[in-house]
Amino acid sequence: MSVDDLLEPSDLTKVMGVVNVTPDSFSDGGTFLDPVDAVRAGLRMVDEGADLIDVGGESTRPGASRVVASEEMRRVLPVVAELAAAGVRVSVDTSRVSVAAAAVDAGAVLVNDVSGGCDPNLLALVADRGVHYVLMHARGPSVDMSSRAVYGDVVSEVIAELEARLETVIAAGVSADRVILDPGIGFAKTAAHNWALLNNIDALAALGRPLLVGTSRKSFLGSVLAAGSARPRPSDERDDATQATTVLLAVAGVWAVRVHAVRPAADAVRVVRAWRQGGAADVATTTSLPVVVPAGPGRRNRPTAAPGCAGEQEVPWSAR
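Residues numbered from 1 in each chain as written. Predicted model: local features only at pLDDT ≥ 70, side-chain atom pairs only at ≥ 80, totals over all residues. Heavy atoms only, no water.

**Student:** Describe the nonpolar core, and please don't skip the residues or the numbers.
**Tutor:** With 70 residues, the main nonpolar core has Val55 and Val111 as its most contacted residues. For this core, the leading source of residues is helix H5 (residues 154-171), giving seven residues. Beyond its immediate stretch of four places on either side in the chain, valine 55 contacts Val19, Val21, Val76, Val79, Val80, Leu83, Val90, Ser91, Val92 and Asp93. Among the nonpolar cores identified, the runner-up in size contains 11 residues, and Leu6, Leu52, Ile180 and Leu212 belong to it. (Core = buried A, V, L, I, M, F, W, Y, C linked by side-chain atoms within 4.5 Å. Buried < 20%, exposed > 50% of the residue type's maximum accessible area, 1.4 Å probe, protein only. Helix = DSSP H or I, 4+ residues; strand = E, 2+ residues; numbered from the N terminus. Contact = heavy atoms within 4.5 Å.)

Written as structure tokens, this is what we have:
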């Protein structure tokens, strides 16, 4: 399996399903601790329309502490191996070279690096193995990233920082056509920063690489859904808001969205494609269907209803 065909020009935004094999991820932590459950979840997501499955063994929620590499590896490798063996395109969500190397050996075709390309050894591995690579905007580890959410102009600064990191990644030997960019929604960013970036997604697209965007169930959605002084809506009640962002991102033409709930996201991007094409790709043409004209007084040149037609007769459509 490869990501190459997913990067071919297309009017359909791709869907990356999230399978976190962690006890403490903000949304699905503890849900897929058993590798069997995690593999089943990944296969179900593929059946629901996922193009890739992103497997992560370390929580990157704000304030999360790191786990040791051996534990991260223990969590992800069985899941990556089983999904890859089943023919699934697997992404490994890690910033560690040891975990990435083992996952690629097990069949992963993409490394999703939330560190922003900080480890030159990881970049060397990606270059050597020729796998695809997600470069996400970040400003440090999860444990203290909230304190780094200070910007003068968040859009221009994130673009500049991503551009600089992209140059570093390419200089390390990673082929530019294998790099996917992620603005890092929620990573060292306030809710206002997230909305500003989403509202200027075209400026990020101008960097010339495919965009992967992850808004799924994140806290900035919970905040905007809070009524008055009510507490932010919990993560498991943010899927409808997530799909609203999925639609808007698909309209904007992003390459892929990263989501926890795959079926509604896959449905949403297909609806966007049908809307753009006027239904040409999804709905049979109706131009040759007959039009039913009711019989009755007051209409001149109306065909006479045939017996048994209950006062109606089908006539071909005309411009009259």
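What follows picks up the thread again.
**Student:** Give a detailed account of the pairing of strand S5 (residues 132-136), specifying residues and quantitative values.
**Tutor:** On a regular strand, one side chain projects to one face of the sheet and the next to the other, so that they alternate. With five of its five residues buried, S5 lies for the most part within the structure. Side chains His132, Val134 and Met136 project from S5 onto one buried face, and the interleaved Tyr133 and Leu135 project onto a second face that is buried too. Inspection of the sheet shows strand S4 (residues 110-113) paired to S5 by four bridges, in the parallel sense. Bridged to aspartate 113 within S5 is leucine 135. Running through helix H4 (residues 120-129), the crossover from S4 to the neighbouring parallel element S5 is right-handed. Examined bridge by bridge, S5 and strand S6 (residues 179-182) share four bridges and lie parallel to one another. Following the sheet pairing, methionine 136 is matched in S6 by aspartate 182. In terms of handedness, the path from S5 via H5 over to S6 forms a crossover that is right-handed. (Pairing = 2+ DSSP bridges. Right-handed = clockwise from strand over helix to strand, strands pointing away.)

**Student:** Please set out the pairing of strand S8 (residues 256-259) residue by residue, giving values where relevant.
**Tutor:** Residues of S8 alternate between two faces, with Ala256 and Arg258 on one and Val257 and Val259 on the opposite face, all of them buried. Across four bridges, strand S1 (residues 14-20) lies against S8 in parallel orientation. Residue pairing across strands places lysine 14 opposite alanine 256, the latter belonging to S8. Pairing analysis gives two bridges linking strand S7 (residues 212-213) to S8, with the strands arranged parallel. When the bridges of S8 are listed, valine 213 appears paired with valine 257.

**Student:** Describe the packing of helix H9 (residues 239-252) against helix H10 (residues 262-276), naming the residues involved and giving the relevant values.
**Tutor:** One can describe the packing of H9 onto H10 by two numbers: an axis separation of 9 Å at closest approach and a directional angle of 40 degrees. Compared by their axis directions, H9 and H10 come out oblique. Considering the relative orientation of H9 and H10, their crossing is right-handed. Residues Gln243, Thr246, Val247, Ala250, Val251 and Ala252 of H9 form the contact with H10, whose participating residues are Pro264, Ala265, Ala268, Val269, Val272 and Arg276. Counted by class, the contact of H9 with H10 contains nine nonpolar, two polar and one charged residues. (Axes fitted to C-alpha atoms, helices over the stretch in contact; angles between N-to-C directions. Parallel < 35°, antiparallel > 145°, perpendicular 65-115°, else oblique. Left-handed = near helix turned anticlockwise from the far one by under 90°. Nonpolar A, V, L, I, M, F, W, Y, C, P; charged D, E, K, R; others polar.)

**Student:** So what's going on with the packing of aromatic side chains? Which residues, and what values?
**Tutor:** Under the counting rule described, the total for this entry stands at one aromatic pair. Ring plane angle 65 degrees and centroid distance 4.8 Å describe the contact between tryptophan 195 and phenylalanine 220, whose orientation is recorded as edge-to-face. Note that tryptophan 195 is positioned in helix H6 (residues 191-199) and phenylalanine 220 in helix H8 (residues 219-224), a separation of 25 residues in sequence. Relative accessible area serves as the criterion here: at 33%, tryptophan 195 is assigned to the partly exposed category. For phenylalanine 220, a relative accessible area of 2% corresponds to the buried category. (Phe/Tyr/Trp six-rings, centres within 6.5 Å; stacked < 30°, edge-to-face > 60°.)

**Student:** Any details on the pattern of salt bridges? Residues and values, ideally.
**Tutor:** Summed over the entire model, instances satisfying the criterion amount to 13 salt bridges. In this structure, the salt-bridge partner of aspartate 54 is arginine 258, at a minimum N-O distance of 2.8 Å. With aspartate 54 in strand S2 (residues 52-56) and arginine 258 in strand S8, this pair connects stretches of sequence that are 204 residues apart. In this structure, the salt-bridge partner of glutamate 71 is arginine 75, at a minimum N-O distance of 2.9 Å. One end of the pair is glutamate 71 and the other is arginine 75, both in helix H2 (residues 69-85) and four residues apart, which spans about a single turn. Judged by its relative accessible area of 13%, arginine 75 is buried. In the salt-bridge network here, residues are joined through shared partners; they are Asp54, Asp93 and Arg258. (Salt bridge = Lys/Arg side-chain N within 4 Å of Asp/Glu carboxyl O.)

**Student:** I'd love a proper account of unusual backbone geometry, names of residues and values included.
**Tutor:** Backbone geometry places alanine 188, a non-glycine residue, at a positive phi of 55 degrees. Topologically, alanine 188 is positioned in the loop between S6 and H6. Looking at alanine 188, the relative accessible area reads 2%, which means it is buried. The backbone of arginine 217 shows a phi angle near 60 degrees, a positive value even though the residue is not glycine. Following the sequence through the fold, arginine 217 ends up in the loop between S7 and H8.

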